[in-house]
Amino acid sequence: MEETPDPRARVAEYLDRFGRERNLTLPPLGDDGVGMIQRGSAVVTIHVLPDKGVLLLLSRIAKTPALDEARMRRLLEASFLETGDAAFAVHPQSGDLYLRILRGLDGLDYEEFEDIVHSIAQVADKWDNQFA
């Protein structure tokens, strides 16, 4: 399959296919390059950032959680092996806790897109319950 030169158009196609294959009605990728998928309790936002050459997937785990040293250490340890391609991150302005995957747009194919969406959604669905 030939790559669509515009990364937003390519990711929009992937998002549409992801929904069709699962009989999900997903909102299309916006003109701003932002889309959304909900899997279980996890909401994953997809951000296509062509000027930076990256695809950013985010799922908020908790709104401004209290993170003492022990809990912060647990999140960092989980990011080492338990979260797959995802890692925990604290939003610099809001203090909200997110899972995030950052992937270059070059060479991204549908199978990898599907894999990272599934990966972050599965991990977020598990962890957001721990902060509920």
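To be clear, the structure that these remarks concern was listed above.
Rules and cut-offs
Residues numbered from 1 in each chain as written. Predicted model: local features only at pLDDT ≥ 70, side-chain atom pairs only at ≥ 80, totals over all residues. Heavy atoms only, no water. Helix = DSSP H or I, 4+ residues; strand = E, 2+ residues; numbered from the N terminus. Buried < 20%, exposed > 50% of the residue type's maximum accessible area, 1.4 Å probe, protein only. Contact = heavy atoms within 4.5 Å. Pairing = 2+ DSSP bridges. Axes fitted to C-alpha atoms, helices over the stretch in contact; angles between N-to-C directions. Expected span 1.5 Å × (residues − 1). Polar contact = N/O pair within 3.5 Å; in protein donor to acceptor, adjacent residues only side chain to side chain. Core = buried A, V, L, I, M, F, W, Y, C linked by side-chain atoms within 4.5 Å. Salt bridge = Lys/Arg side-chain N within 4 Å of Asp/Glu carboxyl O.

Student: Help me get a handle on unusual backbone geometry, residues and values and all.
Tutor: A positive phi angle, close to 55 degrees, is found at N23, a residue other than glycine. Structurally, the position occupied by N23 is in the loop between α1 (7-21) and β1 (34-39).

Student: Give me the environment of Y98: which residues, what numbers.
Tutor: Among the structural elements, Y98 can be located in strand β5 (residues 97-104). The buried category is assigned to Y98, whose relative accessible area is 18%. In contact with Y98, other than residues within four places in its own chain, are L58, S59, R60, I61, A87, F88, A89 and H91.

Student: Please set out the sheet that holds β1 residue by residue, giving values where relevant.
Tutor: Strand order across the open sheet formed by 5 strands is β1-β2-β3-β5-β4, with antiparallel pairing between neighbours. Of all the strands in the sheet, the pair left with one neighbour each is β1 and β4 (87-90). With direction set aside, neighbouring strand axes in the sheet form an average angle of 30 degrees. For β1 and strand β2 (residues 42-49), the ladder comprises 6 bridges, and the chain directions are antiparallel. Residue pairing in the sheet places V34 in a bridge with H47 of β2. On the sheet, helix α3 (residues 110-130) packs against β1, β2, β3 (54-62), β4 and β5 and is oriented at approximately 15 degrees with respect to β3.

Student: Explain α1 to me, using residue names and the numbers behind them.
Tutor: When the terminal C-alpha atoms of α1 are compared, their 21 Å separation across 15 residues agrees well with the 21 Å that a helix rising 1.5 Å per residue should span. Backbone nitrogen of R8 and a side-chain oxygen of the N-cap are separated by 3.1 Å at the start of α1; the cap is D6. Two residues or fewer after α1 comes N23, characterised by a positive phi angle close to 55 degrees.

Student: I'd like to hear about the nonpolar core, residue by residue, with values.
Tutor: Residues V11, I46, L55, L57 and F113 are the most contacted members of the largest nonpolar core, which totals 33 residues. Broken down by secondary-structure element, the contributors of at least two residues to this core are α1, β2, β3, α2 (69-81), β5 and α3. A per-element tally of this core places α3 first, with 9 residues. Once residues lying within four places of it in the same chain are set aside, the contact partners of I46 are V11, L15, L29, G33, V34, G35, I37, L55, L56, L57, F113 and V117.

Student: Run through the pattern of salt bridges, naming residues and quoting values.
Tutor: One pass over the structure, following the stated rule, counts 9 salt bridges. With its nearest N and O atoms 2.6 Å apart, the salt bridge here joins E114 to R22. Here the residue E114 occupies a position in helix α3, and R22 occupies one in the loop between α1 and β1, the gap between them amounting to 92 residues. By sharing partners, the salt bridges in this structure join R17, E21, R22 and E114 into a single network.

From the geometry alone we can't say anything about function, so treat these as descriptive.
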